[in-house]
Amino acid sequence: MRIIAHGGAGSPPEQPPERQQRIENAIDAGLAQETPLEAVCETITALEADPWFNAGVGSAVQTDGAVRTDAGLMTDDRECGAVAGLEGVANAIDVARAVLEETPHVMLAGEPAIDFAGANGVETDVDCWADRTRERWNETTPPGDAVAEQLDWLAENFGGNDTVGAVATDGDRIVTGTSTGGRWAALAGRVGDVPQVGAGFYATKAGGASATGAGEDIAKEALARRAVRCLEDGDSPERAATRAIDRFDDRVEGTAGVIVLDRDGSAGSAYNSAAMQTARGER
């Protein structure tokens, strides 16, 4: 089993080594699993439970003061599951897995997706606020309920682009997943790249990719799909990641990062942000 994971492309370069260690610990949890699907989900759930990361507990807050999570998951035979807008659900990746395994659909969203999560054993009504997000929110003057007020407030406060993700292979199967709490002060109901197939995550027989960064730009450029296409063209994972980010950098203004893993377990990563923490492991 080989895994590569990231903790987001929005983290500042001075992030302490403890944060890096938490990514490595999450990979260790993934490596203890029997299949790539279990490995990806276990790695990501560990990061979703950690308030240092913008996924699950510690997610960003939208303009109405609510925390909503998104996630996407894909196997190399193009089976997909994704969820969006889950308030009170920390382990969005587990809900995405349930969508993949238990439904004929690709994505569920909002309140029905929360009900679906509970029916499939995923905890709901979770407090996804972290101390750092409460402190940051309390330092603001939130807008009123009117959409126009929220749009005005968003123009001055919107930002941030952390995400977590992982790709795993056992030499036979490849699975990729991505999970996020979105971007800070996004309009209530905003959904970014993470649960969109080909944008935040993608996998084929050639390999898999997980993207992180400015979600609107990533979605427009289908960043994860582009990275995997480079693999299909014969690039190494490192070259595929670099080519995908170079193309992204040429076409949009936002920042992003991508991790890539091929069937042989070779891994690569690239980013145009100030930093992106990643870790790799094998057994």
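Structural notes, computed from the coordinates. (Residues numbered from 1 in each chain as written. Predicted model: local features only at pLDDT ≥ 70, side-chain atom pairs only at ≥ 80, totals over all residues. Heavy atoms only, no water.)

With respect to the packing of helix 2 (residues 36–48) against helix 3 (residues 92–102)
Running from N to C, helix 2 and helix 3 cross one another at 150°; their axes reach a closest spacing of 8 Å. Taken together, the axes of helix 2 and helix 3 are roughly antiparallel relative to one another. Residues L37, E38, C41, I44, T45 and E48 of helix 2 lie in contact with helix 3, whose contacting residues are A92, I93, D94, R97 and E101. (Axes fitted to C-alpha atoms, helices over the stretch in contact; angles between N-to-C directions. Helix = DSSP H or I, 4+ residues; strand = E, 2+ residues; numbered from the N terminus. Parallel < 35°, antiparallel > 145°, perpendicular 65-115°, else oblique. Contact = heavy atoms within 4.5 Å.)

A closer look at the sheet that holds strand 5 (residues 164–169)
The 7 strands are arranged 4-3-2-6-5-1-11 in an open sheet whose pairing can be described as mixed. In the strand order of this sheet, the two ends are held by strand 4 (107–109) and strand 11 (278–282), each with one partner. For this sheet the average axis-to-axis angle between neighbouring strands, irrespective of direction, equals 10°. Direction of pairing for strand 2 (residues 68–75) relative to strand 3 (residues 80–87): antiparallel, over a ladder of 6 bridges. Within the sheet, the bridge partner assigned to T69 lies in strand 3 and is L86. On top of the sheet, helix 2 reaches strand 1 (2–6), strand 2, strand 5 and strand 6 (174–180); it is set at about 160° to strand 5, its chief contact. (Pairing = 2+ DSSP bridges.)

Things to note about the pattern of salt bridges
Under the counting rule described, the total for this entry stands at 17 salt bridges. In this structure, R22 and D50 form a salt bridge, with 3.0 Å as the shortest nitrogen-oxygen distance. Here R22, found in helix 1 (residues 17–31), pairs with D50, found in the loop between helix 2 and strand 2; they are 28 residues apart in sequence, far enough to count as distant. Using a relative accessible area of 30% as the deciding quantity, one classes R22 as partly exposed. The partner of E221 in a salt bridge is R251, and the shortest N-O contact between them spans 2.7 Å. Of this pair, E221 sits in helix 7 (residues 215–221) while R251 sits in helix 9 (residues 237–251), and the two are 30 residues apart along the sequence. (Salt bridge = Lys/Arg side-chain N within 4 Å of Asp/Glu carboxyl O. Buried < 20%, exposed > 50% of the residue type's maximum accessible area, 1.4 Å probe, protein only.)

Focus on the nonpolar core
It is characteristic of soluble globular proteins that their nonpolar side chains tend to be buried jointly. Within the largest apolar cluster, 38 residues are counted, with the highest numbers of intra-cluster contacts made by I3, V40, L73, V83, L86 and V95. Those elements that place two or more of their residues in this core are strand 1, helix 1, helix 2, strand 2, strand 3, helix 3, helix 4 (110–119) and strand 5. The dominant element in this core, judged by the number of residues it contributes, is helix 3, at 7 residues. Contact partners of V95, with chain neighbours within four places excluded, come to V83, L86, V89, A113, F116, A117 and V122. (Core = buried A, V, L, I, M, F, W, Y, C linked by side-chain atoms within 4.5 Å.)

Let's talk about helix 4
For helix 4, the set of buried residues is A113, I114, F116 and A117. The buried residues of helix 4 all sit within an arc of 160° when viewed along its axis, so they share a single face. Seen from the buried face of helix 4, the exposed residues on the opposite side, beyond 90 degrees, are E111, P112, D115 and A119. Check the buried side of helix 4 and you find it contacts strand 3, helix 3 and strand 4. Among the residues trailing helix 4, G121 stands out with phi positive, at a value near 85°. (Arc of directions from axis to C-beta.)

Observations regarding the pairing of strand 1
Most of strand 1 sits inside the fold, with 4 of its 5 residues counted as buried. Relative to strand 11, strand 1 runs antiparallel, the two sharing 5 bridges. For I4, the partnering residue across the bridge sits in strand 11 and is R280.

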